[in-house]
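Fold and contact review
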Amino acid sequence: MHGLIQKGTDIIKDVKTYWQQPRPGEYVPYKEVVMLSVGWMFLMMAVNWSIGFGVGNEFTGMTLGMNNTELLIMGYVCTGIGYLTTPINAYIIDNLRSKDGKYRVYLKLAIPSMILTLISLWLPYEQVRDGFKFGRYMMIIMLFLIGQIQGYVQGWVRTGVENMIHVITPNTQERTKIMAITSIIYSMGYTINNVYYPFMVTLLTENDQKYSMHYYRGAYTPVALLMPLVLVAYFGTRERLVLPKSRITKMSFTGSLRAVAGNKIFWIRCMDGWNNFLEGAKGDLWNWMVYRAHIMKSSTYGILNTISYNANFWGMLLSPWFIKKFGKKKIKIVKNVIQVFLIASYFLFYKSPLAGIGLFVVYTLDRFVDTYNVIDSAIESDMRDNQQYLIGERIDGAFNLISSYTGGVIGMFTGLFLPWVYKRKGFDGNDYSVLDVYSNYDENKPLSEQTLNPNCVLFPLMETLIKISIFGAIIDVLPWFAYDISETGQKSMIRVIRIRTIVEDRNSDERDDVSYIEGCEAVMRARKYDGLKKKEVPHYSTVSAARHTPAETDEEKEARAQAVKAAKQAIEDARNYNEEIEIAEFVMRELRRFETPFGQAQLELCRAIVDAGPQHFFDNAEELIEKARNLPSSNIREERIFRRQEIRSTRQLMKSAQLAAKYYPDGIVEFDHAEYEAAYNMPDETGEQAKARRKAMKDASTRQNIYALVAAPYLAAKRTIDLYEGYRHLDEITADYDNVVNLRNERLAAERREQEELAERRRLDRESREAEKRLRK
């Protein structure tokens with residue numbers, strides 16, 4: 001008990017110490033983590049309402065009476081609209097530049113989202129449906145229009161909050177820790193929801209019949225009003241992407257698609273999601289058993305479901321430790337195998353009097369192992385870092401684009417599967433009463449006195465759906481055997497990205513001190529551990545031996561505790577030492593990449609392009625294309641990717657000639673990146689200033705995009721040569737490291753002193769006020 005109290009005290013002290021400033025080696029103070037978490041919690045509470053057209057949808061289907069055919073048709077229409085909006089969304093994400101950041105800017109849509117949600121709740125759907133000749137179709141049109149608008153705006157708010165975790169820090173271990181903390185806090189939103197909605201069913205309805213507009217408006221209006229509180233995350237966080245400040249680039253639409261299409265991790269995640277129509281076929285079994293089979297009161301269900309959801313808390317809390325100990329790949333495989341057996345266990349009790357207890361136990365275990373909030377978010381972040389390492393460009397929107405398009409096409413076919421199963425088992429989507437176990441259910445009578453529904457198909461349908469879910473869960477295990485990004489590999493990629501960033505920004509006035517320090521330290525560590533041999537990691541038996549040393553006196557107990565601590569530290573130190581050697585090998589391979597036959601040939605090709613100059617780099621296009629095709633083949637993954645990139649880049653030379661004639665008939669005018677920064681940094685306090693800034697940024701962005709498009713092969717070749725030159729002169733680039741670190745430390749110390757002085761003034765002011773109150777008494 002004393003140890004737990006001490007550990008709790010240490011955690012509190014740690015939070016206080018690093019509330020305003022991050023701990024050494026990390027980026028994000030606790031205050032920022034809490035602000036993101038609280039904003040995320042309110043988001044999870046506020047976004048429960050949306051208008052969907054899936055088969056069996058509780059609002060459009062079970063409440064407003066749309067049948068399966070109508071739901072399927074409208075679902076396909078929504079999918080088609082999604083095909084149109086998805087590329088627009090991807091373009092906005094990858095190209096919009098705002099002072100508010102890449103994702104944080106979308107949080108400002110929280111208030112418009114709330115207004116649209118309230119409108120979508122209070123439109124007179126039933127009155128229109130029942131009051132006009134073609135009222136049913138008018139109602140569907142109303143649902144469709146407001147649902148699309150409300151869902152689109154709400155989706156941007158959700159995109160902003162959920163993707164902040166990917167850009168708040170480039171440190172994968174810190175990111176995982178933040179994911180665990182945010183998941184624990186925002187899961188409180190789920191907890192509150194699980195109590196709130198069943199309670200509102202009891203409060204607003206009779207016999208727990210929740211499929212009415214009275215229930216939806218009464219239950220969802222209060223939570224919709226919470227959406228503006230998401231702005232807590234907007235005002236309390238900032239983004240920290242590791243990107244060169246001076247780069248002039250525009251990732252083309254097709255280039256983004258090609259890059260993402262070659263990302264293996266992306267396809268593994270997609271396959272995991274596409275299979276949800278099988279694994280998720282069982283639906284929310286517990287919900288069905290409560291509201292169709294009436295195995296318990298909705299209030300009891302709310303309490304047990306809330307307790308069950310709290311199992312997710314412990315899973316998320318332990319996720320960083322599990323990831324560090326076993327890695328994401330093993331966790332995903334083991335988790336999916338466990339879920340196969342959990343789904344199969346439904347057959348043991350779902351028809352028995354123990355159904356309520358059994359469902360509670362299985363759902364609790366499932367939620368403990370299903371820590372997708374942390375694990376999947378960490379995998380997605382690693383996927384994006386891996387993409388940036390391989391091609392040198394940060395891509396975000398294109399992932400969603402390809403996922404939506406391919407997933408939409410697959411969904412068009414898989415979406416027909418469950419309705420087909422439902423119909424085969426006797427539920428055609430028109431008569432929902434066949435799902436009720438009892439006819440004219442009366443909550444005041446025990447189940448033994450209820451009248452069984454002779455037309456009920458619930459249990460035969462559930463049996464089939466559980467079998468389908470088991471099959472889907474088995475398939476879900478397979479893709480993760482191909483996952484190949486280790487925790488050490490991710491750290492290695494980030495360090496390479498940091499070094500590339502300081503090399504590319506070495507002559508820029510926009511150099512970021514934090515990025516510079518991290519890049520220099522990445523170089524220094526790689527050189528320090530390069531060529532060293534790994535240490536033998538002590539066996540864990542050394543810890544056990546330390547624990548079995550005598551401990552009769554207080555001195556012996558203290559000595560044993562120190563021995564255990566030292567044994568554990570020796571293991572940890574050896575592992576960290578060996579990891580640094582692996583990372584150094586990876587980083588030094590990057591720094592020596594131009595010493596290989598492929599690297600030298602690539603350098604020769606890029607020089608041929610750059611030596612022609614910005615006006616004539618495309619003159620010998622055919623010769624350069626042939627030169628790219630003759631680049632040496634390699635067994636090294638990175639060199640294979642670089643070769644494909646060079647071939648594509650040289651093929652663009654002919655297009656560059658055409659575009660140059662169109663946009664620069666008098667000769668190509670190189671774009672000065674400082675022009676964009678000047679527009680970006682213009683004041684925008686007043687309406688006039690904001691208007692002038694938007695126009696200046698739009699003009700500068702247009703000129704930059706045109707130049708980046710025309711000169712893309714030239715700029716890519718120049719970056720490769722600059723990288724080569726930078727790697728040759730790393731000593732000169734890192735020479736200013738000590739000076740920058742000292743200035744950084746002095747600035748942080750000054751800020752800390754200022755905060756301490758402010759806290760002291762507040763304390764004195766508080767004591768003075770309290771003294772005045774005592775005197776008045």
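Residues numbered from 1 in each chain as written. Predicted model: local features only at pLDDT ≥ 70, side-chain atom pairs only at ≥ 80, totals over all residues. Heavy atoms only, no water.

**Concerning the overall build of the chain**
Threshold: The helix count covers DSSP runs of H or I at least four residues long, the strand count covers runs of E at least two residues long, and both are numbered beginning at the N terminus. Here the globule rule reads 2.2 Å times residues to the power 0.38, and the radius of gyration is calculated from C-alpha atoms. For every residue, the accessible area obtained with a 1.4 Å probe (protein chains only) is divided by the maximum for its type, and the residue is called buried under 20%, exposed over 50%, and partly exposed between those limits. Whether two residues are in contact is decided by their heavy atoms: any pair within 4.5 Å suffices.
If you tally the helices and strands in the chain, you get 33 helices and 2 strands. Here the C-alpha atoms of the chain give a radius of gyration of 30 Å, agreeing with the 28 Å that 2.2 N^0.38 yields for 777 residues. By its C-alpha atoms, the chain is 90 × 85 × 70 Å across when sized along the principal axes. Buried residues in the chain amount to 47% of all 777 residues. Excluding contacts between residues fewer than 6 apart, the proportion of contacts in the chain whose partners are at least 24 apart in sequence is 79%.

**Considering the environment of Gly-39**
On the secondary structure map, Gly-39 appears in helix 2 (residues 30-46). Remark: the alpha-carbon pair of Gly-39 and Gly-236, spanning 197 residues in sequence, is separated by 9.2 Å. Setting aside residues up to four positions removed in sequence, Gly-39 forms contacts with Leu-229, Val-230, Val-232 and Ala-233.

**Quick look at the packing of aromatic side chains**
How we decide: Side-chain rings of Phe, Tyr and Trp, where Trp is taken by its six-membered ring, are said to pair if the distance between their centres is within 6.5 Å; with planes under 30 degrees apart they count as stacked, over 60 as edge-to-face, and otherwise as tilted.
Tallying each qualifying case throughout the model produces 30 aromatic pairs. On the basis of an interplanar angle of 75 degrees and a centroid distance of 5.0 Å, the ring pair of Phe-617 and Phe-618 is categorised as edge-to-face. Of the two residues, Phe-617 and Phe-618, both sit in the buried class. Chaining the aromatic ring pairs together yields one cluster made of Trp-49, Phe-59, Tyr-125, Tyr-196, Tyr-197, Tyr-215, Tyr-216 and Tyr-220.

**Focus on unusual backbone geometry**
In the Ramachandran plot, His-294 falls in the positive-phi region, its phi being about 55 degrees despite a non-glycine side chain. In this structure, His-294 sits in the loop between helix 14 (285-291) and helix 15 (298-326).

**Focus on the nonpolar core**
To be explicit about the condition: Here, nonpolar core refers to any group of buried Ala, Val, Leu, Ile, Met, Phe, Trp, Tyr and Cys residues whose side-chain atoms link them within 4.5 Å.
By size, the foremost hydrophobic cluster in this structure holds 118 residues, and its most contacted members are Leu-43, Met-227, Val-230 and Ile-499. Examining the composition of this core, we find that 9 residues originate from one element, helix 2, more than from any other. Ignoring sequence-local partners within four residues, the contact set of Leu-43 consists of Val-157, Arg-158, Val-161, Met-227 and Val-230. Within the second largest apolar cluster, 71 residues are counted, among which are Tyr-220, Ala-355, Val-362 and Leu-461.

**Brief notes about the environment of Ile-146**
Summarising the element assignment, Ile-146 is placed in helix 7 (residues 135-167). Taking the relative accessible area as the measure of exposure, Ile-146 reaches 10% and is therefore buried. Between the C-alpha atom of Ile-146 and that of Gly-302, which follows or precedes it by 156 residues, the distance is 30 Å. Look past the residues within four positions of Ile-146 in its chain and what remains in contact with it is Ile-51, Leu-116, Ile-119, Ser-120, Leu-123, Tyr-125 and Gly-151.

**Quick notes on a nonpolar patch on the surface**
What counts here: Residues with no salt bridge and a relative accessible area higher than 30% make up the patches, which join like charges within 9 Å and nonpolar side chains (Val, Leu, Ile, Met, Phe, Trp, Tyr) within 5 Å. Note that accessible areas follow from Shrake-Rupley with a 1.4 Å probe, and for residues the cover is restricted to the protein chains shown. By definition here, a salt bridge exists when the distance from a side-chain nitrogen of Lys or Arg to a carboxyl oxygen of Asp or Glu is within 4 Å.
The grouping of Phe-132, Phe-134, Tyr-137 and Met-138 at the surface amounts to a nonpolar patch, some 450 Å² of accessible area in total. For Tyr-137, a relative accessible area of 51% corresponds to the exposed category.

**Description of the packing of helix 22 (residues 487-504) against helix 31 (residues 712-728)**
Working note: a packed helix pair is described by the angle between its axes plus the distance between those axes. Going by this rule: Angular values range over 0 to 180 degrees, each being the angle between N-to-C directions of two axes fitted as lines to C-alpha atoms, with helices fitted over their stretch in contact. Reported orientations rely on four angle classes, namely roughly parallel under 35 degrees, roughly antiparallel over 145, roughly perpendicular from 65 to 115, and oblique for the rest. Charged residues are taken to be Asp, Glu, Lys and Arg, nonpolar residues to be Ala, Val, Leu, Ile, Met, Phe, Trp, Tyr, Cys and Pro, and polar residues to be all remaining types, Gly included.
Contact geometry of helix 22 with helix 31 gives a least axis separation of 9 Å together with a crossing angle of 100 degrees. Regarding the angle of helix 22 to helix 31, the classification is roughly perpendicular. Counting all contacts with helix 22, which are made through Ile-499, Arg-500, Val-503 and Glu-504, the residues of helix 31 involved are Arg-719, Asp-722, Leu-723, Gly-726 and Tyr-727. Here the residues of the contact of helix 22 with helix 31 sort into 4 nonpolar, 1 polar and 4 charged.

**Regarding a negative patch on the surface**
Note the following rule: Only four residue types enter the tally: Lys and Arg on the positive side, Asp and Glu on the negative side, with His and both chain ends excluded. The atom standing in for a charge is NZ when the residue is Lys, CZ when it is Arg, CG when it is Asp and CD when it is Glu.
Together, Glu-552, Asp-554, Glu-555 and Glu-556 give the surface a local cluster of negative charge. For Glu-556, the position within the fold is in helix 25 (residues 554-591).

**Some thoughts on the packing of helix 29 (residues 673-680) against helix 30 (residues 687-710)**
Here is the rule: Note on convention: near helix rotated counterclockwise from far helix by under a right angle means a left-handed crossing. Clockwise means right-handed.
Across the interface, helix 29 lies against helix 30 with an axial gap of 8 Å and an inter-helix angle of 160 degrees. Classified by the angle their axes make, helix 29 and helix 30 are roughly antiparallel. Once helix 29 is placed against helix 30, the crossing between them reads as left-handed. On the side of helix 29, the interface is formed by His-673, Glu-675, Tyr-676, Ala-679 and Tyr-680, while helix 30 contributes Arg-693, Ala-696, Met-697, Ala-700, Ser-701, Arg-703 and Gln-704. The residue inventory of the contact of helix 29 with helix 30, partitioned by class, reads 6 nonpolar, 3 polar and 3 charged.

**Some points on helix 27 (residues 621-629)**
Applicable threshold: Note that the arc is defined by the directions from the helix axis to the C-beta atoms.
Those residues of helix 27 that fall on the buried side of the exposure criterion are Ala-621, Leu-624, Ile-625 and Ala-628. Seen along its axis, helix 27 keeps its buried residues to an arc of 105 degrees; they face one direction. Those residues of helix 27 that are exposed and angled more than 90 degrees off the buried face are Glu-622 and Glu-623. Those residues of helix 27 that are buried are in contact with helix 26 (597-611) and helix 28 (637-663).

**Overview of the side chain of Ser-308**
Just so we agree on the cut-off: Pairing of N or O atoms within 3.5 Å defines a polar contact, subject to two protein rules: one partner must be a possible hydrogen donor and the other a possible acceptor, and residues neighboring in sequence count only if both atoms are side-chain atoms.
Relative to the helices and strands, Ser-308 is located in helix 15. A polar contact is formed between the side chain of Ser-308 and the side chain of Arg-367, at a distance of 2.8 Å. Ignoring anything within four residues of it in the chain, the contact list for Ser-308 reads Trp-286, Phe-360, Tyr-363, Thr-364 and Arg-367.

**Considerations on the confidence of the model for the chain**
Using the following cut-off: Note: pLDDT gives the predictor's confidence per residue, expressed from 0 to 100.
Residue-level pLDDT values for the chain average 82, and 92% of them are 70 or greater. Of all helices and strands in the chain, the one with the weakest mean pLDDT is helix 11 (residues 253-261) (65), whereas helix 5 (residues 110-122) scores best (93).

**Things to note about helix 9 (residues 213-224)**
Put simply, the rule reads: One fewer than the residue count of a helix, multiplied by 1.5 Å, yields its expected span.
For helix 9, with 12 residues, the first-to-last C-alpha span of 15 Å sits near the 16 Å given by 1.5 Å per residue. Along helix 9, 9 of the 12 residues are buried, which leaves the element largely enclosed by surrounding structure. For helix 9, the complete set of buried residues consists of Met-213, Tyr-215, Tyr-216, Arg-217, Ala-219, Tyr-220, Thr-221, Val-223 and Ala-224.

**Describing the pattern of salt bridges**
Should the charged atoms of two oppositely charged side chains come close, the side chains can pair. Per the stated rule, a full pass over the model turns up 23 salt bridges. With a shortest N-O distance of 2.7 Å, Arg-158 and Glu-162 are connected by a salt bridge. With Arg-158 and Glu-162 both in helix 7 and 4 residues apart, this pair spans about one turn of that helix. Linked by salt bridges that have partners in common, Lys-328, Asp-382 and Glu-487 make up one network.

**What about the side chain of Arg-593?**
Looking at the element boundaries, Arg-593 is found in the loop between helix 25 and helix 26. When its relative accessible area of 11% is taken as the criterion, Arg-593 is described as buried. When near neighbours in sequence (up to four residues on either side) are disregarded, Arg-593 contacts Arg-500, Gly-599, Gln-602, Phe-642, Leu-723 and Tyr-727.

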